[in-house]
Amino acid sequence: MASTTPQLYGLVLAGGKSTRMGSDKGLLTYHDVPQQEYLYKLLGQICDDVFLSIRDDQSTSIPDGFKTIIDQNEYRGPFNGILSAHKVYPDVAWLVLACDLPLINLETLRQLAENRNPKQGATSFATKETKLPEPLITIWEPSGLQEAIQHMQTAESSCPRKFLINSDTKLVFPEHDEVLYNANYIEDYKYAKSKID
């Protein structure tokens with residue numbers, strides 16, 4: 001790969017309020033450690049650097065050794081964390097992971113990184129079933145994030161998926177859709193645990 005390819009940093013989105021789950025999704029344990037720490041370590045095996053994306057009021061509860069970027073609250077929804085990170089390091093690509101992905105694994109993340117096309121705005125996982133980009137398991141290139149900022153200034157919707165659908169996005173399909181499983185409710189947590197145990 002030419003040296004013009006932006007470096008790849010990892011971002012675990014751990015700043016959500018987790019209202020549906022009823023407790024902080026980043027602190028749920030699927031693999032013997034809090035999920036946000038598990039994902040951080042996975043990304044550390046692929047990315048040049050890794051950060052937890054958090055709210056200001058979470059900063060005192062993060063263990064030593066974890067780098068963080070605090071949400072700047074300039075944007076609504078998941079774009080808040082992603083674009084806060086882009087503001088701090090505008091020249092890198094970000095492999096963004098939501099903290100509610102209990103079945104994601106190193107092999108799947110490697111597949112995304114190996115299929116990355118830095119000439120497109122983003123490289124995103126999609127399930128074979130929906131064929132829709134999953135914005136919170138996506139490599140966002142600096143150019144794509146610049147476009148997202150412009151989009152957010154005029155758009156009615158702050159939905160990152162809508163943005164990706166209407167942008168130059170490369171879709172990657174995992175071998176099994178289930179690795180992209182999203183756990184939002186306590187029933188989802190129990191289901192994911194049963195798959196892992």
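Description of the structure in this document.

**A look at the pattern of salt bridges**
A side chain with one charge may pair with a side chain of the opposite charge, provided their charged atoms come close.
Thought 1: Tallied over the full model, the rule gives 6 salt bridges.
Thought 2: Glu178 is paired through a salt bridge with Lys195; the nearest N and O atoms lie 3.6 Å apart. Linking Glu178 in the loop between strand S7 (169-172) and helix H6 (186-196) with Lys195 in helix H6, this pair joins segments that are 17 residues apart in sequence.
Thought 3: The class of Glu178 is partly exposed, set by a relative accessible area of 34%.

**Focus on the packing of aromatic side chains**
Thought 1: Inspection of every chain in the model, using the stated rule, returns 10 aromatic pairs.
Thought 2: Their ring planes at 55° and their centres at 6.2 Å tell us that Tyr89 and Trp94 sit as a pair that is tilted.
Thought 3: For Tyr89, a relative accessible area of 29% gives the class partly exposed.
Thought 4: One aromatic cluster is present, built from ring pairs that chain together Tyr9, Phe51, Tyr89 and Trp94.

**Let's talk about the sheet that holds strand S2 (residues 49-54)**
Thought 1: Spatially, 7 strands are ordered S3-S2-S1-S4-S6-S5-S7 in an open sheet, and the strand pairing comes out mixed. Edge positions in the sheet fall to strand S3 (68-70) and S7, since each of these pairs with one other strand and no more. Adjacent strand axes in the sheet meet at a mean angle of 30°, parallel and antiparallel pairs treated alike.
Thought 2: Pairing of strand S1 (residues 8-13) with strand S4 (residues 93-98), which is carried by 6 bridges, proceeds in the parallel orientation. Opposite Leu13, over in S4, you have Ala98 as the bridge partner.

Cut-off values and rules
Position labels on residues start from 1 in each chain and follow its written sequence. Reporting of local features is limited, given that this is a predicted model, to residues whose pLDDT is at least 70; pairs of side-chain atoms are given and counted only at 80 or more, and all residues count toward the totals for whole chains, interfaces and linings. Only hydrogens and water are set aside; all other atoms, that is, all heavy atoms of the structure, feed into the side-chain values. By definition here, a salt bridge exists when the distance from a side-chain nitrogen of Lys or Arg to a carboxyl oxygen of Asp or Glu is within 4 Å. Secondary structure follows DSSP: runs of H or I at least 4 residues long count as helices, runs of E at least 2 residues long count as strands, and numbering of each begins at the N terminus. A 1.4 Å probe rolled over the protein chains alone gives each residue an accessible area, and that area as a share of the maximum for its type sets the label: buried under 20%, exposed over 50%, partly exposed in between. Stacked, tilted and edge-to-face are the three classes assigned to paired rings of Phe, Tyr and Trp, where Trp is represented by its six-membered ring and a pair needs centres within 6.5 Å; plane angles under 30 degrees give stacked, over 60 edge-to-face, the rest tilted. Note on pairing: two strands pair once DSSP finds at least 2 bridges between them. Orientation is described by lines fitted to C-alpha atoms, with helices fitted over the stretch in contact, and by angles between N-to-C directions that extend from 0 to 180 degrees.

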